[in-house]
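Coordinate analysis (summary)
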Amino acid sequence: MTFFPDCSFGLPVRLLAAAVLGCAVSAGPVLAQTDPDPVLATVNGQPIHLSDVKEATASLPPQARGMPPQQLYPMLLEQLIDARALLIQAQRTGLDKDPEVQRAMQAAQERALASALLNKVVRPQVTDEAVKARYDQEFAGKTGEIEVHARHILVADEATAKKIIAELKKGADFAALSKQYSKDPGAAQQGGDLGFFKKTDMVPEFSAVAFALKDGEISPQPVKTQFGWHVIQVTEHRTSQPPSFDQEKDELRQQMVQAAVQTEIKQVRGAVKVEKFNPDGSPVKATDTAEPPPAAK
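Predicted model, so just to flag it, every value in this text is computed and none were measured.

Regarding the nonpolar core
Counting residues in hydrophobic clusters, the biggest one holds 14 residues, and the most contacted among them are Leu 40, Val 53, Leu 60, Leu 72, Tyr 73, Leu 76 and Leu 77. Secondary-structure elements contributing two or more residues to this core are strand 3 (39-43), helix 2 (50-58) and helix 4 (69-92). Residues within four places of Leu 72 in sequence aside, it is in contact with Thr 57, Leu 60, Ala 64, Arg 65 and Met 67. Counting eleven residues, the second largest nonpolar core, distinct from the first, contains Val 148, Phe 206, Val 223 and Val 234.

Dropping the structure here:
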């Protein structure tokens with residue numbers, strides 16, 4: 001029995017199978033496969049399954065996974081065939097018996113086991129529901145931070161800054177003076193405009209003055225920072241909205257993963273006996289400060 005694959009790809013497995021087996025009317029009919037994990041190729045009789053391609057896909061970066069399936073999956077299948085052929089040749093030449101290779105394989109196995117343990121322990125703790133609960137605790141319903149909208153003129157010396165303040169008091173245009181004097185070329189082209197910012201976004205000396213000014217006020221004295229001397233005008237205050245869940249969920253998830261990993265490491269370290277030795281082989285005493293081994297010559 002023959003059929004033409006359904007190019008609507010209603011289910012992920014159908015999508016994958018159709019992409020690998022060929023989804024184009026011009027390619028002609030292909031044999032139906034009822035196996036949920038069909039063999040896509042063999043190398044010296046060793047099978048490569050659909051699940052192998054799916055696993056390879058999951059390991060790709062997001063931008064690569066976004067490639068059209070008709071291009072991505074056949075490419076991955078070819079790479080898996082190449083890898084299997086290299087493995088067969090390595091075994092044929094006895095590299096799997098080489099002591100250095102065996103040490104590398106053992107190290108890879110140990111890393112895989114440690115990673116599997118952390119994944120087994122951490123994954124149940126960092127669920128979508130747990131991340132949302134963390135967001136609700138930290139952000140939901142809370143008032144955002146105060147922000148100010150300000151502009152500035154940055155110059156090299158205090159005398160020039162005082163001169164600019166005097167001119168502004170006489171009615172000079174702030175934007176024009178910024179373009180004329182400012183050492184901050186990006187802001188100068190915008191009339192000195194810095195947009196809205198939070199207190200922690202600027203150096204402390206700058207923020208202390210900016211957040212003390214009222215709307216429309218100009219700093220009565222020049223403000224000294226590591227960048228030079230500033231003349232500051234605040235044009236507006238506002239309270240920012242707290243970030244949305246979509247904006248914060250990835251960062252929160254990462255923080256939760258790191259915290260769970262550190263907790264697990266602390267627990268497993270407490271369950272084993274650890275002895276440390278200096279580079280000369282002598283035991284490290286509790287009061288010793290272990291020094292790094294000498295650099296290789």
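Anyway, onward from the coordinates.
Some remarks on the packing of aromatic side chains
Taken as a whole, this structure holds four aromatic pairs when the rule is applied. Taking 5.6 Å as the distance between ring centres and 25 degrees as the angle between the ring planes, the aromatic pair formed by Tyr 135 and Phe 139 counts as stacked. Side by side, Tyr 135 and Phe 139 carry an identical accessibility label, which is buried. Put simply, the rings of Tyr 135, Phe 139 and Phe 245 pair up and form one aromatic cluster. Over the face of the ring belonging to Phe 245 we find Lys 132, whose NZ or CZ atom lies 5.9 Å from the ring centre.

What counts as what
- For every chain, the first residue of its written sequence is number 1, and the numbers climb from 1 along that sequence.
- Totals for whole chains, interfaces and linings use all residues, but because this is a predicted model, local features are given only for residues with pLDDT of at least 70 and pairs of side-chain atoms are given and counted only at 80 or more.
- To get the side-chain values, all heavy atoms of the structure are used, and hydrogens and water are removed first.
- Among buried residues, those of type Ala, Val, Leu, Ile, Met, Phe, Trp, Tyr and Cys that are joined through side-chain atoms within 4.5 Å constitute a nonpolar core.
- For each residue, the accessible area found with a 1.4 Å probe, counting protein chains only, is set against the maximum for its type, and the residue is called buried under 20%, exposed over 50%, and partly exposed in between.
- Working definition: helices are DSSP H or I runs of at least four residues, strands are E runs of at least two. Numbering for both runs from the N terminus.
- The contact criterion used throughout is that any non-hydrogen atoms of two residues lie within 4.5 Å.
- Working definition: a ring pair exists when centres of Phe, Tyr or Trp rings (six-membered ring for Trp) sit within 6.5 Å. Plane angles under 30 degrees give stacked, over 60 give edge-to-face, the rest tilted.
- Whether a charge sits over a ring depends on NZ of Lys or CZ of Arg being within 6 Å of the ring centre and within 35 degrees of the ring normal.

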